[in-house]
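One-letter residues, chain by chain:
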Amino acid sequence: RAILHEDQGCFTKCSDVSPIGDLVIGAQDMKAIIQYKNFQPGPAWSFEGEIQVVRAIGSQIAIVSNVDNKNTLTIYDPINHIVSLISIYLVIQHIYIDHNVVYAVILTTRKELNLIKLTEIDTSEKLRSLMKRSFYDVALKIAQNAGYSPEVICNIHKKNADHLYNKGDFASSIEYYKMTVDYLEPSH
């Protein structure tokens, strides 16, 4: 496994410390983000383009990279292994994090500066949105990692089972219905 060339370090603005004390580094030589836990290299995620900024936002990581002469803002959730946001701009001049809110100063095609404010929606709203789009596996992972009750987890399994049943995938729907046995009433 490749490791960061620690004697070379990283570019300015390409490292940050998360609220739980993990060091997050944008390694240019590997085009990757590396998370250090207890001073040991931990998980790493590859990214396209030249990494310009790395910032920790609560449990997520904001990355600005340059791809094809445009700046890409990516917000990655390493706990749930999902990309929360990808936005492409002509130029991102500055990123500022304040209390889990991301502020980005961008340059528009009309050469105007705009301030963008990105706030994270609460977990229950994320779950509703994901289930509305039939992303039950992602909703389940987020609910489990957030410590939701077994009843909520069961409800996600039931909705997934209902969805699969309505699609005609009866065998898979039965597997998900089985996961609800201890929590749903027999009439379901």
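Shown above is the structure to which this text applies.
Residues numbered from 1 in each chain as written. Predicted model: local features only at pLDDT ≥ 70, side-chain atom pairs only at ≥ 80, totals over all residues. Heavy atoms only, no water.

Caption draft 1: Summary view of the packing of aromatic side chains. This structure, assessed with the given rule, holds four aromatic pairs. On the basis of an interplanar angle of 35° and a centroid distance of 6.3 Å, the ring pair of Y96 and Y103 is categorised as tilted. Ring geometry for Y165 and F170: centres 5.1 Å apart, planes at 65°, overall edge-to-face. When its relative accessible area of 46% is taken as the criterion, Y165 is described as partly exposed. Among the residues examined, F170 registers a relative accessible area of 45% and is labelled partly exposed. Of the aromatic side chains, those joined through ring pairs into one cluster are W45, F47 and Y76. (Phe/Tyr/Trp six-rings, centres within 6.5 Å; stacked < 30°, edge-to-face > 60°. Buried < 20%, exposed > 50% of the residue type's maximum accessible area, 1.4 Å probe, protein only.)

Caption draft 2: Broad picture of the pairing of strand β2 (residues 23–27). Counting buried residues along β2, four of its five residues qualify, which places the element largely inside the surrounding structure. The turn linking strand β1 (residues 15–17) back onto β2 is made up of five residues, and G21 within it adopts a positive phi angle of 95°. Pairing geometry for β2 and strand β3 (residues 32–37), over five bridges, is antiparallel. The residue of β3 that forms the bridge with V24 is Q35. Adjacent in sequence and paired antiparallel, β2 and β3 are bridged by four residues, among which K31 carries a positive phi angle near 50°. (Helix = DSSP H or I, 4+ residues; strand = E, 2+ residues; numbered from the N terminus. Pairing = 2+ DSSP bridges.)

Caption draft 3: View of the sheet that holds strand β7 (residues 70–77). Ordered in space as β5-β6-β7-β8, the four strands form an open sheet in which the pairing is antiparallel. Of all the strands in the sheet, just β5 (50–57) and β8 (82–89) have a single pairing partner and so form its edges. Here the average twist between neighbouring strands, direction ignored, is 15°. Relative to β8, β7 runs antiparallel, the two being bridged by seven bridges. Within β8, the position partnered with T74 by the bridge is I86. (Axes fitted to C-alpha atoms, helices over the stretch in contact; angles between N-to-C directions.)

Caption draft 4: Geometry of the pattern of salt bridges. Inspection of the entire model under this criterion finds six salt bridges. Ionic pairing is found between D22 and K37, a salt bridge with its closest N-O pair at 2.9 Å. Separated by 15 residues along the polypeptide, D22 in the loop between β1 and β2 and K37 in strand β3 bring together distant segments of the chain. Judged by its relative accessible area of 37%, K37 is partly exposed. (Salt bridge = Lys/Arg side-chain N within 4 Å of Asp/Glu carboxyl O.)

Caption draft 5: Spotlight on the environment of A161. Within the fold, A161 resides in helix α3 (residues 150–166). Assessed through its relative accessible area of 0%, A161 is described here as buried. Among all residues touching A161, those that are not within four sequence positions of it are S173, Y176 and Y177. (Contact = heavy atoms within 4.5 Å.)

Caption draft 6: Seen up close, the nonpolar core. Counting residues in each nonpolar core, the largest one holds 13 residues, and the members touching the most others are V64, L73, Y89, I92, I95 and I106. Taken together, the elements giving at least two residues each to this core come down to β5, β6 (60–67), β7, β9 (91–98) and β10 (101–107). Looking at this core, the element that brings in the most residues is β10, giving three residues. Every residue in contact with I92, bar those within four places of it in the chain, is listed here: V64, N71, T72, L73, V105 and I106. (Core = buried A, V, L, I, M, F, W, Y, C linked by side-chain atoms within 4.5 Å.)

On their own, these measurements won't tell you what the molecule is for.
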